[in-house]
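What the coordinates show
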Amino acid sequence: MIRHQVLGNTPFSRGRALKLLIDAGKVTYAGNRKLKIYGTFNCSSGKRMKADNRVFFTNEQEAISCGYRPCGHCMRKAYQKWKALN
């Protein structure tokens, strides 16, 4: 898990570092640290969260192992499966 705030000192440097990580395939999912929810990068709910709460995961298994649940908007099938088990 990578916190957004540790990627750089300015919004530009954080954005640039994040793009490099995405292009290299080192992060594939984003999450909300306070709500413990993860989802895709193009989720409208995820785009609205504060940068302080934003974290990134290498894969879905990493997010699940950290105790995060799937987003109900962008990952509807995974969320419904998670909800049925909980």
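Quick note: structure is the one above.
Notes on the structure in this doc start here. The shown structure was predicted, so the numbers you read here are calculated from the model rather than taken from an experiment.

1. Structural notes on the pattern of salt bridges
Within the structure shown, the criterion is met by 1 salt bridge. In this structure, the salt-bridge partner of Asp23 is Lys19, at a minimum N-O distance of 2.8 Å. Taken together, the residues Asp23 and Lys19, both in helix α1 (residues 11-23) and 4 residues apart, mark about one turn of the helix. The exposure class of Asp23 is exposed, given its relative accessible area of 54%. On the basis of relative accessible area, Lys19 is assigned to the partly exposed category, the value being 43%.

2. Points about the sheet that holds strand β2 (residues 29-32)
Pairing in this open sheet of 5 strands is mixed, and the strands run β1-β4-β2-β3-β5 from one edge to the other. The open sheet has two free edges, formed respectively by β1 (2-3) and β5 (69-70), since each of these has just one partner strand. In terms of strand pairing, β1 meets strand β4 (residues 54-57) through 2 bridges, oriented antiparallel. Bridged to Ile2 within β4 is Phe56.

3. Description of the environment of Met49
Within the secondary structure layout, Met49 lies in the loop between α2 (44-47) and β4. Given a relative accessible area of 16%, Met49 falls into the buried group. A sequence separation of 37 residues divides Met49 from Asn86, and the C-alpha atoms of the two residues are 25 Å apart. With residues up to four places along the chain from it excluded, the contact list for Met49 reads Gly31, Asn32 and Arg54.

Conventions used here
- Residues numbered from 1 in each chain as written.
- Predicted model: local features only at pLDDT ≥ 70, side-chain atom pairs only at ≥ 80, totals over all residues.
- Heavy atoms only, no water.
- Salt bridge = Lys/Arg side-chain N within 4 Å of Asp/Glu carboxyl O.
- Helix = DSSP H or I, 4+ residues; strand = E, 2+ residues; numbered from the N terminus.
- Buried < 20%, exposed > 50% of the residue type's maximum accessible area, 1.4 Å probe, protein only.
- Pairing = 2+ DSSP bridges.
- Contact = heavy atoms within 4.5 Å.

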